[in-house]
Amino acid sequence: DKRAPLLRKFQLLIKRYLPEYVFVENVPGIQKINGKYGPFPEFEETLKCLGYSSPGAHVIAAQDYGVPQKRRRLVYIASLLGSLPFPSPTHGPSADKAYRTVRNAFKLPFPLPLDYLYTLPSHSPRLRPVAQCRHQVWKRPDVRRTAPAR
């Protein structure tokens, strides 16, 4: 996997700076790359050798922790200050709060004026080349809208 070297680079930063806490969030499959000789087991072993304690890697459901989407994530926490308990879910049937939805995550505490909506682009504008040359320079088109006449 081409993304595995990122974990090794993070490992080098940890060796250099020795932060008190380490938090890693990634796809669950990173544990399985090359089995017990892959980047994740190597990462865990390095942290143990540096004196970090950890409750281990957990595959969690993001919605159980207040994220408004169904997504499984691998979470790994470690500390130089002693053992850490893995946090319990904060949302869902086993917790005291209902799952969050995208609708209630983006609920604003105040209404937006209708004119404001016309200043927002309806989609991400496509980039267009400024000039045809060996090294193209890209420019975003102007997408500002004005409110329709009433």
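Residues numbered from 1 in each chain as written. Predicted model: local features only at pLDDT ≥ 70, side-chain atom pairs only at ≥ 80, totals over all residues. Heavy atoms only, no water.

What to know about the overall build of the protein
In terms of helices and strands, the protein carries 4 helices and 5 strands. The 150 residues of the protein split such that 23% are buried. Of the contacts made within the protein by residues no fewer than 6 positions apart, 57% connect residues no fewer than 24 positions apart. Accessible surface computed for the protein: about 11,600 Å², of which carbon and sulfur atoms make up 57%. (Helix = DSSP H or I, 4+ residues; strand = E, 2+ residues; numbered from the N terminus. Buried < 20%, exposed > 50% of the residue type's maximum accessible area, 1.4 Å probe, protein only. Contact = heavy atoms within 4.5 Å. Areas by Shrake-Rupley, 256 points an atom, 1.4 Å probe, with all protein chains shown as cover.)

Brief notes about the sheet that holds strand E2 (residues 57-61)
Read across the open sheet, the 3 strands follow the order E1-E3-E2; overall the sheet is antiparallel. In this open sheet, the two edge strands, each paired with only one partner strand, are strand E1 (21-26) and E2. Direction aside, neighbouring strands of the sheet carry axes that sit 25 degrees apart on average. Bridging between E1 and strand E3 (residues 72-79) involves 6 bridges; their strand directions are antiparallel. Bridged to Tyr21 within E3 is Ser79. Contacting E1, E2 and E3, helix H2 (residues 39-49) crosses the sheet at an angle of about 20 degrees to E3. (Pairing = 2+ DSSP bridges. Axes fitted to C-alpha atoms, helices over the stretch in contact; angles between N-to-C directions.)

Some points on the environment of Ile14
Position of Ile14 among the secondary structure elements: in helix H1 (residues 4-17). Accessibility expressed as a relative area gives 2% for Ile14, which makes it buried. Distance in space between the C-alpha atoms of Ile14 and Leu47 is 8.3 Å, their sequence separation being 33 residues. Ignoring sequence-local partners within four residues, the contact set of Ile14 consists of Pro19, Val22, Phe43, Leu47, Leu50 and Tyr52.

A short note on unusual backbone geometry
A positive phi angle is found at Leu18, which is not glycine, with a value near 45 degrees. Following the sequence through the fold, Leu18 ends up in the loop between H1 and E1.

Some points on the confidence of the model for the protein
When pLDDT is averaged along the protein, the result is 78; 69% of the residues meet or exceed 70. Scored below 50 in pLDDT, residues 127-141 shows 18 contacts in the model against residues more than four places distant or in partner chains. (pLDDT = per-residue confidence, 0-100.)

With respect to the packing of aromatic side chains
Enumeration over the complete set of coordinates arrives at 4 aromatic pairs. Ring centres of Phe43 and Tyr76 lie 5.9 Å apart, and the angle between their planes is 70 degrees; this geometry places the pair in the edge-to-face category. Of this pair, Phe43 sits in helix H2 while Tyr76 sits in strand E3, placing them 33 residues apart in sequence. For Phe43, a relative accessible area of 0% puts it in the buried group. Grouping aromatic residues by their ring pairs yields a cluster made of Phe10, Phe40, Phe43 and Tyr76. (Phe/Tyr/Trp six-rings, centres within 6.5 Å; stacked < 30°, edge-to-face > 60°.)

Some thoughts on a nonpolar patch on the surface
Together, Leu18, Tyr21, Leu50, Leu80 and Leu81 give the surface a local cluster of nonpolar side chains, amounting to about 440 Å² of exposed area. Inspection of the secondary structure assignment puts Leu81 in the loop between E3 and helix H3 (102-105). Owing to a relative accessible area of 54%, Leu81 belongs among the exposed residues under this scheme. (Patch = residues over 30% accessible without salt bridge, like charges linked within 9 Å, V, L, I, M, F, W, Y side chains within 5 Å. Salt bridge = Lys/Arg side-chain N within 4 Å of Asp/Glu carboxyl O.)

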